[in-house]
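Coordinate analysis (summary)
Here is how the chains run, residue by residue.
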Amino acid sequence: MMNEKLKEIQERALREIRETQGLEALNDIRVAMLGKKGALTELLKGMKDVAPEERPRVGQMVNEVRAQIEQALEENRKRMEEAVLTQKLAAETIDVTLPARRNRVGHLHPNTLALNELKRIFIGMGYEVVDGPEIEKDYYNFEALNIPADHPAKDEQDTFYIYGDMLLRTQTSSMQIHEMEKGRLPIKMVAPGRVFRADEVDATHSPVFHQVEGLVVDEGITFADLKGTLAEFARQFFGPETKVKFRPHHFPFTEPSAELDVTCFKCGGKGCRFCKGEGWVEILGCGVVHPHVLEMAHIDPQKYQGFAFGFGLERITLFKYEIDDMRLLYENDSRFLEQF
Amino acid sequence: MDASLSWIKALVPGLNPASDQEFMDRMTLTGSKGEGYHRLDHNLDRIVTGQVKEVKPHPDASKLVICQVDVGESNGGVCQIVTGAPNVAEGQKVIVVLDGGKVAGGHDGGPLPEEGIPIKAGKLRGVDSCGMMCSIEELGSSRDYYPEAPEGGIYILPEDAPVGGDPLELLGLHDTIFSYEITSNRVDCYSILGIAREAAATYELPFVPPEVTVTESEQKSSDYASVEVVDADLCTRYCARIVTDVTISDSPAWMQHRLASCGIRPINNFVDITNYVMLEYGQPMHAFDLDTIAGHRIVVQRAQDGDSFVTLDGQERKLDRDVLMICDGEKQIGIAGIMGGENSMITEHAHTVLFEAACFNGPNIRKSAKRIGLRTDASGFFEKGLDPANAEAAINRACQLVTELGCGKVAQGILEAGAPLPQPKRIALDVDRINGILGTDIGKEEMIGYLAQVEVPYDAATNEFVIPSFRQDLNGLCDIAEEVARFYGYDRIPSTLPAGSDVTGGITFSMRIEDKAREVAQFCGFSEGYCYSFESPKVFDRLRMAEDAPERQAIRISNPLGEDFSLMRTQTLNGMLTSLGTNYKRRNKSVRLFEIGNIYLPKALPLTDYPDERKQLTLGFYVSDRNDGDFFEMKGVVEEFLSQLGFAVEKLVYDRGTRPYLHPGRQAEVSHGDVRLGFLGEIHPLVAEEYGIGARAYVAVLDLPAIEETASFDRVYQGLARFPAVSRDISMVVPRDVTAGQIERIIRQRGGKILESLLLFDIYEGEQIREGFKSMAYALSFRDPAKTLEDADVNATMKKILNGLQDLNIELRS
């Protein structure tokens with residue numbers, strides 16, 4: 001009798017749970033079955049009519065039924081909650097191809113980018129980066145570099161003069177002298193900076209441009225060290241396949257002097273429009289520091305030797321980024337700057 | 001410097017380079033940098049000598065004739081060519097381009113087409129024509145270089161030219177002209193002899209310069225003329241020779257062709273000889289008509305201020321006392337080293353010629369040529385500073401050519417004046433030192449061999465190199481090292497890295513600050529621009545600066561590219577506003593720019609010492625869109641930057657500024673303690689308009705040296721708070737002219753150590769607030785790092801704060 005009622009409650013509850021829709025209805029079932037006035041509770045009230053020896057067994061049966069119902073309720077609740085969540089997430093679907101919202105980050109000037117790369121390489125080789133005056137004395141820009149008053153090289157450089165012996169430096173080579181005069185040896189420096197020459201503005205000339213000077217002074221520095229250093233630089237800057245070619249040249253403040261060509265980094269040396277079909281691109285001038293220059297800077301040329309080199313930064317920038325007009329570098333058009 | 005390969009080959013008989021390119025490359029690697037070359041027979045193909053056998057009129061064209069031309073058995077014998085050349089006649093030897101050949105240009109001598117002009121057999125007005133007879137222009141040259149060529153007709157070859165042969169050979173067109181970049185130290189290489197010497201050394205071949213012997217007549221030069229140098233500082237050497245019984249005529253074809261190959265127009269034998277020797281020896285010469293020289297005296301002396309002189313181009317030239325003149329017994333007859341005078345030039349009537357070869361002071365010639373405004377081939381040579389010994393060699397060569405050409409008799413002796421020739425320099429050979437400079441291991445004999453190749457002999461007795469006078473660039477052992485390196489081969493020198501002392505690389509503190517500025521600016525959306533360092537004096541007015549503004553004290557360039565580039569900038573706004581204006585005019589949206597660059601502040605004018613060069617960080621943007629920002633956006637960038645450099649933002653002071661180029665109500669001076677760091681603000685609308693910026697624009701300028709005084713990259717961990725914070729809000733009605741800065745200063749002063757932060761969360765002006773007031777609300781947060789704060793502690797502090805605020809006539813709202 002009790003058994004049958006129990007069985008009936010069990011079946012009814014499980015059926016209703018199975019058929020029910022929605023979390024609220026599920027709760028109603030819980031109350032109707034397991035609540036204070038629920039069917040199972042009512043049934044327990046009939047325990048007093050059960051024979052005492054039967055009671056433990058019946059009690060156990062009631063608990064089992066209760067557990068079964070509770071389990072069914074729990075399983076269904078989870079299933080329904082999942083369904084609700086799935087539905088909610090489906091409704092929240094977005095079009096992932098819509099445009100991004102970006103925090104607009106600015107762009108560095110291509111000159112700065114090329115210079116950063118240069119600095120990174122030379123710092124890695126143990127070079128100190130230094131800078132110095134752009135308005136310079138004749139002595140540092142010319143005389144101390146073995147370019148005395150009537151030297152033709154002075155005319156070639158189209159110097160802007162200010163007053164007396166003050167001028168706008170035409171080359172960062174002036175930094176060689178400033179560095180040597182500090183009296184700290186050995187020296188391993190690169191000096192990037194702004195230089196000036198009286199060139200009319202066009203696609204390949206600017207009266208304002210930048211150079212990077214390098215100087216090493218120590219005991220036993222040789223032309224071979226110059227070659228090795230710049231070849232290593234060229235491989236790091238232009239790529240590991242880069243070949244270098246040192247050509248004899250003349251600078252008043254170095255002897256022997258050279259110009260350095262590298263295989264064109266656009267075509268790898270086959271010849272293209274950037275290297276004008278040559279396969280090689282001239283990138284810098286260099287040489288062994290002239291002993292007279294060391295002497296003038298109070299360094300004993302019998303004991304110390306050095307090498308020096310100088311780049312035109314814009315030249316490298318224009319090549320590296322395939323920019324065909326130097327004027328773009330000083331116009332500051334955002335459509336230009338944002339490409340770097 | 002241009003030099004034809006054939007001329008070099010004449011001096012280096014064994015020279016036979018694999019190709020033009022190979023020659024240029026090898027010369028470049030030993031230091032004679034080739035800048036390019038062009039073949040004179042470029043685009044000339046299937047061209048032979050023909051003989052005109054018959055000329056008949058064309059039936060349908062009065063200006064055309066039909067010719068039968070024998071072009072030789074191997075080229076098919078006689079062919080028919082229709083031509084419009086007016087000078088064609090039977091029996092002539094002519095230059096024929098055969099069917100399928102090519103010529104370099106048109107008969108009008110216009111620009112040469114890149115690919116040449118192909119010639120094909122065809123019909124001309126219905127008559128077959130199987131080739132073309134050529135003018136000199138069609139061969140890519142001109143009458144300037146081949147003066148014997150007729151004007152507007154075909155070129156007529158000498159009668160002995162073999163039919164079917166190669167006419168280009170006769171004209172010297174199988175040649176290549178190389179252009180060399182000669183460095184300023186190698187004056188000797190501005191000559192065919194110099195280049196040939198280098199070529200011989202490069203190819204390790206014998207160098208065979210002309211053997212100069214002068215055949216002199218019975219006459220004595222000294223009977224004809226005398227020379228005197230008055231201003232010896234400007235003329236180290238003056239040589240003259242006399243040629244009598246002069247016949248002026250054309251020079252021979254070989255000489256004309258060599259001059260032509262170097263771009264020099266043949267004129268007559270005497271002028272051509274001086275030009276030829278100038279090219280060959282690198283020594284300019286001049287030829288005077290002796291009969292025009294008063295007293296037959298040459299006097300070399302300075303001009304007087306105010307003198308004027310007519311040069312042989314017919315132009316009157318203004319002189320001054322730094323210009324050296326060639327004079328005769330009475331008058332000036334030439335500007336030394338630059339150009340001769342109209343009054344003494346040789347004409348076809350000349351009987352006796354005085355040749356001049358001299359060595360003038362290079363810098364003086366350079367400056368004189370510049371002042372007079374007359375740069376000539378000759379001055380171009382002299383200004384490099386010539387070898388004084390070269391004058392004699394050159395004048396003898398010229399006289400040798402006179403004899404060879406049979407155009408005069410050379411009188412005995414050279415008339416000379418000037419300083420005696422210096423003894424040759426000597427440089428001791430130090431093999432170890434040279435290897436020490438180069439990083440090589442080259443033997444002594446090898447070194448001596450390389451120098452011998454360029455005619456620098458070694459004196460074994462003294463272990464010295466004896467430097468020939470033409471090598472003025474060889475002065476010390478390092479110069480010898482370069483000679484060794486050049487011919488040993490730069491490419492054979494090893495590649496090593498410096499072995500010496502350890503040095504640590506790095507950047508300076510100022511550079512770290514600049515890098516940080518770039519980083520912050522970039523991440524705040526600003527792109528980097530570069531601006532010029534010099535600008536126009538007009539910028540001060542454009543920026544509405546007062547007449548006595550200190551910025552107007554600017555450094556002036558004495559030789560600027562123009563007034564607009566004449567002043568070194570004392571402020572950076574002109575550059576920034578110009579760039580913003582450029583962008584605005586080009587309709588670029590949301591443009592944010594920054595620049596790091598120097599201003600140049602003179603300590604005194606005129607400038608006699610280094611000025612103060614101060615790096616400025618300049619930021620700027622204009623408002624093209626409502627999200628582009630405002631004053632406070634710019635203020636945020638400034639604070640972001642400064643806080644990255646270790647500045648406590650709450651210690652920055654913003655005072656209202658009075659800069660004329662900024663909006664009077666929207667600008668602030670930024671300082672930290674006593675140090676002024678810079679300013680920011682909105683650009684004054686009139687200034688914006690001046691620069692073509694049609695929108696509100698904001699700028700900030702920070703003085704990096706001032707910032708560097710306080711900046712620091714050191715940081716110390718402050719711990720994380722372990723005790724709770726207490727927050728209190730203050731809501732108040734504030735008189736309108738009381739600033740947030742004033743309020744915050746009071747809150748900070750009185751809040752003491754336990755005040756952790758303060759935040760303005762509401763500000764309102766308008767309805768419900770009475771006229772002249774605004775409502776403001778701050779959220780304050782208090783915390784004690786050592787204990788939990790009691791209400792009583794906070795209340796006491798709040799009371800102090802509120803009392804302080806009431807002193808500013810601030811009313812608290814409940």
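Residues numbered from 1 in each chain as written. Chains lettered and ligands numbered in written order. Predicted model: local features only at pLDDT ≥ 70, side-chain atom pairs only at ≥ 80, totals over all residues. Heavy atoms only, no water.

As for the overall build of chain A
For clarity, the threshold we go by: Counting from the N terminus, the helices are DSSP H or I runs at least four residues long and the strands are E runs at least two residues long. Radius of gyration: C-alpha atoms only; globule rule: 2.2 Å multiplied by the number of residues to the exponent 0.38. Each residue's exposure class comes from its accessible area (1.4 Å probe, protein chains only) as a fraction of the maximum for that residue type: buried when under 20%, exposed when over 50%, partly exposed otherwise. By definition, residues are in contact when any of their heavy atoms lie within 4.5 Å. Values of accessible area rely on a 1.4 Å probe in the Shrake-Rupley scheme; residue burial ignores everything except the protein chains shown.
Secondary structure summary: chain A contains 13 helices and 10 strands in total. Here the C-alpha atoms of chain A give a radius of gyration of 43 Å, more than 25% beyond the 20 Å that 2.2 N^0.38 yields for 340 residues. Relative to its 340 residues, chain A shows a buried fraction of 52%. Within chain A, contacts between residues at least 6 apart in sequence are counted, and of these 67% link residues at least 24 apart. In the form shown here, chain A has an accessible surface area of approximately 16300 Å², with 50% of it arising from carbon and sulfur atoms.

A closer look at the interface of chain B and chain A
Quick reminder of the rule: Put simply, buried area is the surface a 1.4 Å probe can reach on two separate parts but cannot reach once they are joined, added for both. Any carboxyl oxygen of Asp or Glu within 4 Å of a side-chain nitrogen of Lys or Arg constitutes a salt bridge here. For the purposes of these results, a polar contact is taken to be a pair of N or O atoms within 3.5 Å, where, inside protein, one atom must be able to donate a hydrogen and its partner to accept one; residues adjacent in sequence count only when each atom of the pair is a side-chain atom. The classification used treats Ala, Val, Leu, Ile, Met, Phe, Trp, Tyr, Cys and Pro as nonpolar, Asp, Glu, Lys and Arg as charged, and all other residues, Gly among them, as polar.
Each partner contributes to the interface: chain B provides 82 residues, whereas chain A provides 86 residues. Between chain B and chain A lies a buried interface of about 7200 Å² when both sides are counted; carbon and sulfur atoms form 55% of it. Interface area lost by chain B to chain A is led by Y490, Y530 and Y610 of chain B, which between them contribute 11%. Among the salt bridges present, the one from R586 of chain B reaches D333 of chain A, with a minimum N-O distance of 2.8 Å. At the junction of chain B with chain A, the criterion picks out 43 residue pairs in polar contact (both at pLDDT 80 or more). Looking at side-chain class alone, the side of chain B that touches chain A contains 34 nonpolar, 30 polar and 18 charged residues.

As for the sheet that holds strand 35 (residues 662-672) of chain B
Strands in a sheet are paired, the pairing made by backbone hydrogen bonds, and the direction either parallel or antiparallel. Residues and elements named next belong to chain B. Keep this limit in mind: Being paired, for any two strands, means DSSP has found at least two bridges between them. Between N-to-C directions, angles span 0 to 180 degrees; the directions come from axes that are lines fitted to C-alpha atoms, helices contributing only their stretch in contact.
Taken in spatial order, the seven strands of this open sheet run 29-32-33-37-36-35-34, and their pairing is mixed. Single-partner strands in this sheet number two, and they are strand 29 (527-528) and strand 34 (652-656). Where strand 33 (residues 612-622) and strand 37 (residues 697-703) come together, seven bridges link them in antiparallel fashion. Considered in strand 37, the bridge of L617 is made with L702. Packing against the sheet, helix 14 (residues 509-523) makes contact with strand 29, strand 32 (592-601) and strand 33, and its axis sits at approximately 155 degrees to strand 32.

Side note on the side chain of T376 of chain B
Residues and elements named next belong to chain B. Counting through the fold element by element, T376 comes out in the loop between helix 8 (362-372) and helix 9 (377-382). Among the residues examined, T376 registers a relative accessible area of 17% and is labelled buried. Here I338 takes part through its backbone oxygen, which lies 2.7 Å from a polar atom of the side chain of T376. What T376 contacts, discounting residues up to four positions off in sequence, is G337, I338 and M339.

Some details on the packing of aromatic side chains
Put simply, the rule is: Aromatic pairs are defined between Phe, Tyr and Trp rings, using the six-membered ring for Trp, whenever the two ring centres lie within 6.5 Å; interplanar angles under 30 degrees are classed as stacked, those over 60 as edge-to-face, and all others as tilted. Two limits define a charge over a ring: the Lys NZ or Arg CZ must be within 6 Å of the ring centre, and within 35 degrees of the ring normal.
What the rule picks out here adds up to 39 aromatic pairs over all chains. Centre to centre, the rings of F631 of chain B and F632 of chain B are 5.2 Å apart; their planes meet at 75 degrees, and the pair counts as edge-to-face. On the basis of relative accessible area, F631 of chain B is assigned to the buried category, the value being 12%. Through successive ring pairs, a cluster of aromatic residues spans F122, Y127, F233, F237, F238, F265, F307, F309, F311 and F319 of chain A. Taking NZ or CZ as reference, R592 of chain B lies 5.0 Å from the ring centre of F621 of chain B, over its face.

Here's the deal with the domain arrangement of chain A
When the parts come together, some accessible area is lost, and that loss is often what is quoted as the size of the interface. Condition: The domain limits used here are those given by an automatic or database domain assignment.
Examined at the domain level, chain A breaks down into domain 1 (2-91) and domain 2 (110-337). One C-alpha centre belongs to domain 1 of chain A, the other to domain 2 of chain A, and the line joining them spans 90 Å.

Quick notes on the environment of R371 of chain B
All names here are of chain B. You can see R371 is positioned in helix 8. In this structure the C-alpha to C-alpha distance between R371 and A700, which are 329 residues apart in sequence, comes to 47 Å. Among residues more than four places away in sequence, those in contact with R371 are D320, D322 and V323.

Some remarks on helix 7 (residues 269-281) of chain B
Residues and elements named next belong to chain B. Rules: Expected helix span is taken as 1.5 Å per residue step, with the number of steps being one fewer than the number of residues.
An ideal rise of 1.5 Å per residue puts 18 Å on 13 residues; helix 7 measures up with 18 Å between its terminal C-alpha atoms. Of all 13 residues making up helix 7, 12 are buried, and the element is well covered by its neighbours. Among all positions of helix 7, only N269, F270, D272, I273, T274, N275, Y276, V277, M278, L279, E280 and Y281 are buried. Sitting at the head of helix 7, N268 places a side-chain oxygen 3.1 Å from the backbone nitrogen of F270. G282 occupies a position one or two residues after helix 7 and carries a positive phi of about 70 degrees.

Let's talk about the domain arrangement of chain B
When the domains of chain B are assigned, the result is domain 1 (2-40 + 176-202), domain 2 (45-170), domain 3 (216-418), domain 4 (425-491), domain 5 (509-710) and domain 6 (726-812). Its C-alpha centre places domain 1 of chain B at a distance of 34 Å from the equivalent point of domain 2 of chain B.

Here we look at the pairing of strand 12 (residues 176-181) of chain B
Residues and elements named next belong to chain B. Of the strand pairs in this sheet, strand 1 (residues 2-4) and strand 12 are connected by three bridges, and their pairing is antiparallel. When the bridges of strand 12 are listed, S4 appears paired with I177. In the sheet, strand 2 (residues 33-39) pairs with strand 12 via six bridges, with the strands oriented antiparallel. Residue pairing in the sheet places K33 in a bridge with E181 of strand 12.

A look at the pattern of salt bridges
A full pass over the atoms with the stated rule returns 74 salt bridges over all chains. Taking the shortest distance from any N to any O, the salt bridge between E179 of chain A and K182 of chain A comes out at 2.9 Å. For K182 of chain A, a relative accessible area of 47% puts it in the partly exposed group. A salt bridge links R197 of chain B to E455 of chain B, with the shortest nitrogen-to-oxygen separation between them at 2.7 Å.

Points about the environment of L617 of chain B
Residues and elements named next belong to chain B. With respect to the element layout, L617 can be found in strand 33. Residues L617 and Y488 lie 129 residues apart in sequence; the distance between their C-alpha atoms is 51 Å. The residues touching L617, leaving out its near neighbours within four places in the chain, are A517, F594, E595, I596, F641, A700, V701, L702 and L704.

Concerning helix 8 of chain B
Side chains three or four residues apart in an α-helix point the same way, a direct result of the helix having 3.6 residues per turn. All names here are of chain B. Burial runs high along helix 8: eight of the 11 residues are buried. G362, P363, N364, I365, R366, S368, A369 and I372 are the residues of helix 8 that are buried. Backbone nitrogen of N364 and a side-chain oxygen of the N-cap are separated by 2.9 Å at the start of helix 8; the cap is N361. In the stretch just after helix 8, G373 is the one whose phi turns positive, near 80 degrees.

Description of the sheet that holds strand 28 (residues 464-467) of chain B
All names here are of chain B. Judged by pairing direction, the sheet is antiparallel, and its three strands sit side by side in the order 26-28-27 without closing on themselves. Two strands close off the open sheet at either side, each with one partner strand: strand 26 (425-428) and strand 27 (458-459). With two bridges connecting them, strand 27 and strand 28 associate as antiparallel partners. Paired with D459 across the bridge in strand 28 is E464.

Digging into the layout of surface pockets
Residues and elements named next belong to chain B. Selection criterion: Detection works on a 1 Å grid of protein atoms alone, calling trapped sets that fit a 1.4 Å probe cavities and calling open sets with protein on both sides within 12 Å along at least five of seven lines pockets, with lining residues defined by an atom within 4 Å of a point. Grid points are joined across faces, edges and corners, and a volume is the space filled by probe spheres set on the points.
Approximately 1600 Å³ is the volume found for the second largest pocket. What lines the second largest pocket is a set of 38 residues, and nearest its centre among them are F632, K635, T739, A740 and G741. Mapped by element, the contributors of at least two residues to the lining of the second largest pocket are helix 17 (631-644), strand 34, strand 35, helix 20 (740-751), strand 39 (755-764) and strand 40 (773-782). At six residues, helix 20 tops the list of elements feeding residues into the lining of the second largest pocket. For the lining of the second largest pocket, a count of residues per class yields 16 nonpolar, six polar and 16 charged. Counting contributing residues per domain, the lining of the second largest pocket is built from domain 5 (509-710) and domain 6 (726-812), each supplying no fewer than three.

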